[in-house]
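# Topology and contacts: notes
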Amino acid sequence: MKQATKCIQAGYTPKNGESRMIPIVQSTTFKYDTSEDMGKLFDLEAEGYFYTRLQNPTNDYVANKICALEKGSAAMLTSSGQAANFYSIFNIANNGDHVICSSTIYGGTYNLFNVTMRKMGIDFTFLSPDCSMEELEAAFKPNTKCVFGETIANPALIVFDIEAWANKAHEHGVPLIVDNTFATPINCRPIEWGCDIVTHSTTKYMDGHDATVGGCIVDAGKFDWMKYADKFPGLTTPDDSYHGITYAEKFGKEGAFITKCTAQLMRDFGSIQAPMNAYLLNLGLESLHVRMPRHCENALKVAQYLESNDKVAWVNYPSLPSNKYYDRAKKYMPDGTCGVVSFGIKGGRQKAEAFMSNLKIAMIATHVADAHTCVLHPASSTHRQMNDEELIAGGVEPDLIRLSVGIEDIEDILFDLQQAFDNI
Ligand SMILES: *Cc1c(COP(=O)(O)O)cnc(C)c1O
């Protein structure tokens, strides 16, 4: 199936007489005829559901659709993008381990890694995504367990060199994890470039309608855990909490990562997506392939308009030919990047705030990447826990305005921007 067809068809195929839409299995629990039947589930000897804190059929239909779109081998939904990124790393890195991470990542992820996961004893080295391969090479330590980056950094809009970082990670026997939230699998499939684990905040374009918070983890099924068995004991040695199962042996390259993540992390932390939310996410996914090109088309026009406006100090949009990342964007995302454009206004912070309060269609919202055009000043909101130095290292200028271009009529969006500029 092509991507557009997968958006509609993948993940769930009703049998004779069954509901066309995915059923919402709004049930905490599942019934079995014998204790032995249920025991097999607990031992991971049989497939099936027993408790919605770990797994639910509605979630799996939707996870399977995203898995097909990302061309992975297995996938799971989580309650949020934060939970997805946390699980993706904590599934393979523990107290005493080390992770290499692009410095230009989403502020919430940076905080999760740099503050909360450090408290759990995991060490992070943050490197510019534009660092040389020698610098990247030098960052590896014997206890490095994975490498992490974002396809298009939120909000810095820096395009990550997935193939180069994947090759380096593999030279050191560790997987590359890529947060593909902004590009979506319509515009980029990191697995095609060597990425091993893909994460998403489905809260953004995948849901696409400001309706529901969620996340997803997709495993490419290609990383050979057994080959580096010493590095990944959680996957390659018996799990006492599951009667001595060795995930990489029992479920192979294709299934080990997601099975362990479900059986251990979802069991213990319970960051499950509600089945009702998974249903809403599925509605969003059914039009993802129609919405993404429109987001990209509108955003390019907005970026071109801003570039020609003399009240604007600078514009950052990777699909603009003048952009530093244009060539890299064309390589990884030939059909377009995303709907998010960032820019600075001459006169700095004060003018930016005045401009924002003049907007009528573009709403001030923490959110980004959905059907409604919205606008945000990260330095005073999502990134306010960072000082100016950290902001700049994270690719976020203190005067940066993040404009998430929606799928309204482009003439109305441009008119709104123009009248807001006229009034400052
Ligand atoms: C929003 C976002 C997250 C966090 O996702 P939530 O669903 O808000 O928890 C992670 N990564 C990126 C790139 C994001 O844009």
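Looking at an unreviewed UniProt entry, the chain carries the name O-acetylhomoserine aminocarboxypropyltransferase/cysteine synthase, with the source organism given as Floccifex porci. For the chain, the Sequence similarities (unreviewed entry) comment in UniProt is given as "Belongs to the trans-sulfuration enzymes family." According to the UniProt record, the Cofactor (unreviewed entry) comment for the chain is "pyridoxal 5'-phosphate".

## Brief notes about the UniProt feature "modified residue: N6-(pyridoxal phosphate)lysine" (unreviewed entry) in the chain
Summarizing the sequence annotation, UniProt attributes the feature "modified residue: N6-(pyridoxal phosphate)lysine" (unreviewed entry) to Lys204 in the numbering used throughout. The class for lysine 204 is buried, based on a relative accessible area of 10%. When near neighbours in sequence (up to four residues on either side) are disregarded, lysine 204 contacts Asn154, Thr181, His367, Val368 and Ala369.

## A look at the packing of aromatic side chains
Applying the stated criterion across every chain yields a total of 22 aromatic pairs. Centroid distance phenylalanine 355 to phenylalanine 421: 4.5 Å. Interplanar angle 40 degrees. Geometry classified as tilted. Of this pair, phenylalanine 355 sits in helix α14 (residues 348–358) while phenylalanine 421 sits in helix α16 (residues 410–422); the two residues are 66 residues apart in sequence, bridging distant segments of the chain. Phenylalanine 355 sits in the buried class, given a relative accessible area of 1%. Taking the ring centre of tyrosine 106 as reference, the NZ or CZ of lysine 204 above it sits at 5.0 Å. It is lysine 250 that lies over the ring of phenylalanine 251; its NZ or CZ is 5.9 Å from the centre.

## Here we look at the sheet that holds strand β1 (residues 74–78)
Strand order across the open sheet formed by 7 strands is β1-β7-β6-β5-β4-β2-β3, with mixed pairing between neighbours. Of all the strands in the sheet, the pair left with one neighbour each is β1 and β3 (123–127). Taking each pair of neighbouring strands and ignoring which way they run, the sheet shows an average axis angle of 20 degrees. Inspection of the sheet shows strand β2 (residues 98–102) paired to β3 by 5 bridges, in the parallel sense. Looking at β3, one finds that serine 102 is bridged to leucine 127. Its contacts with the sheet put helix α10 (residues 247–269) on β1, β6 (197–201) and β7 (215–219), and the angle it makes with β1 is roughly 25 degrees.

## With respect to the sheet that holds strand β11 (residues 374–376)
Adjacent strands of a sheet pair through backbone hydrogen bonds, lying either parallel or antiparallel. Across the sheet, which stays open at both edges, the 5 strands sit in the order β8-β9-β12-β11-β10 with mixed pairing between neighbours. Where the open sheet ends on each side, the last strands, each with one partner, are β8 (312–316) and β10 (363–364). Examined bridge by bridge, strand β9 (residues 340–345) and strand β12 (residues 401–404) share 4 bridges and lie antiparallel to one another. Looking across to β12, one finds that valine 341 is bridged to leucine 403. Against the sheet, α14 touches β9, β10, β11 and β12, its axis set at about 125 degrees to β9.

## What about the side chain of threonine 212?
Structurally, the position occupied by threonine 212 is in the loop between β6 and β7. Apart from residues no more than four positions distant in its own chain, threonine 212 is found in contact with Thr203, Asp207, Asn277, Leu280 and Leu281.

## Some words on the site of the ligand
Neighbouring residues of the ligand: 16 residues in total, closest Asn154, Asp179, Ser201, Thr203 and Lys204. Between the ligand and the protein, one listed contact pairs an oxygen atom with a backbone N or O atom of glycine 81 at 2.9 Å. Within the side chain of aspartate 179, an N or O atom sits 2.7 Å from a nitrogen atom of the ligand. Here the ligand is seated within the second largest pocket. Residue contributions to the shell around the ligand peak at 3 residues, all from helix α4 (residues 81–90). When its residues are assigned to classes, the shell around the ligand shows 3 nonpolar, 10 polar and 3 charged.

## Digging into the pairing of β12
Residues of β12 alternate between two faces, with Ile401 and Leu403 on one and Arg402 and Ser404 on the opposite face, all of them buried. Pairing geometry for β11 and β12, over 3 bridges, is antiparallel. From the neighbouring strand, cysteine 374 faces β12, where its bridge partner is serine 404.

## Structural notes on the domain arrangement of the chain
For the chain, the domain assignment lists domain 1 (3–283) and domain 2 (291–422). On a C-alpha basis, the centroid separation for the pair domain 1 and domain 2 is 29 Å. Opposite the 35 residues of domain 1 that make contact, domain 2 presents 38 residues. Area buried by domain 1 at its contact with domain 2 is led by Leu157, Asn187 and Tyr205, which between them contribute 24% of it. Linking domain 1 to domain 2 there are 3 salt bridges. Applying the counting rule to domain 1 against domain 2 returns 20 residue pairs in polar contact (both at pLDDT 80 or more). The set of elements that each furnish at least two residues to the side of domain 1 that touches domain 2 consists of α5 (107–119), α7 (162–171) and α8 (184–187). Considering only residue class, the side of domain 1 that touches domain 2 consists of 18 nonpolar, 11 polar and 6 charged.

Parameters and conventions
- Residue positions are given per chain, counting from 1 as you read along its sequence in written order.
- Reporting of local features is limited, given that this is a predicted model, to residues whose pLDDT is at least 70; pairs of side-chain atoms are given and counted only at 80 or more, and all residues count toward the totals for whole chains, interfaces and linings.
- Working from all heavy atoms in the structure, the side-chain values ignore hydrogens and water.
- UniProt positions are given in the numbering used here, feature names are shortened, and annotations may be inferred rather than shown by experiment.
- In this scheme, a residue with accessible area under 20% of its type's maximum is buried, one over 50% is exposed, and one in between is partly exposed, where area comes from a 1.4 Å probe on protein chains only.
- The contact rule is simple, with two residues in contact once any of their heavy atoms fall within 4.5 Å.
- Two rings belonging to Phe, Tyr or Trp (six-membered ring only in the last case) form a pair when the distance between their centres is within 6.5 Å. Interplanar angles under 30 degrees mark stacking, angles over 60 mark edge-to-face geometry, and anything in between is tilted.
- In this description a helix means any DSSP run of H or I spanning at least four residues, a strand means any run of E spanning at least two, and both kinds are numbered starting from the N terminus.
- We call a charge positioned over a ring when the NZ of a Lys or the CZ of an Arg lies within 6 Å of the ring centre and within 35 degrees of the ring normal.
- A pair of strands counts as paired when DSSP detects no fewer than two bridges linking them.
- Here the axes come from fitting lines to C-alpha atoms, over the contacting stretch only for helices, and the angles between their N-to-C directions go from 0 to 180 degrees.
- When at least one non-hydrogen atom of a residue lies within 4 Å of a molecule or strand, that residue is treated as near it.
- Under this definition, polar contacts are N or O atom pairs within 3.5 Å; protein pairs additionally need one hydrogen-donor-capable and one acceptor-capable atom, and for neighbouring residues in sequence, both atoms have to be side-chain atoms.
- With a 1 Å grid laid over protein atoms only, a set of points is called a cavity when a 1.4 Å probe fits there but cannot get out and a pocket when it is open yet has protein on both sides within 12 Å along at least five of seven lines; lining residues have an atom within 4 Å of a point.
- Grid points define the cavity or pocket, and a molecule sits in it when more than half of its atoms lie within 2 Å of them.
- Think of it as three bins: nonpolar holds Ala, Val, Leu, Ile, Met, Phe, Trp, Tyr, Cys and Pro, charged holds Asp, Glu, Lys and Arg, and polar takes everything else, Gly as well.
- Bear in mind that the domain bounds are from an automatic or database domain assignment.
- Two parts lose some accessible area (1.4 Å probe) when they are put together, and adding that loss for both gives the buried area.
- By salt bridge we mean one thing: a side-chain nitrogen of Lys or Arg within 4 Å of a carboxyl oxygen of Asp or Glu.

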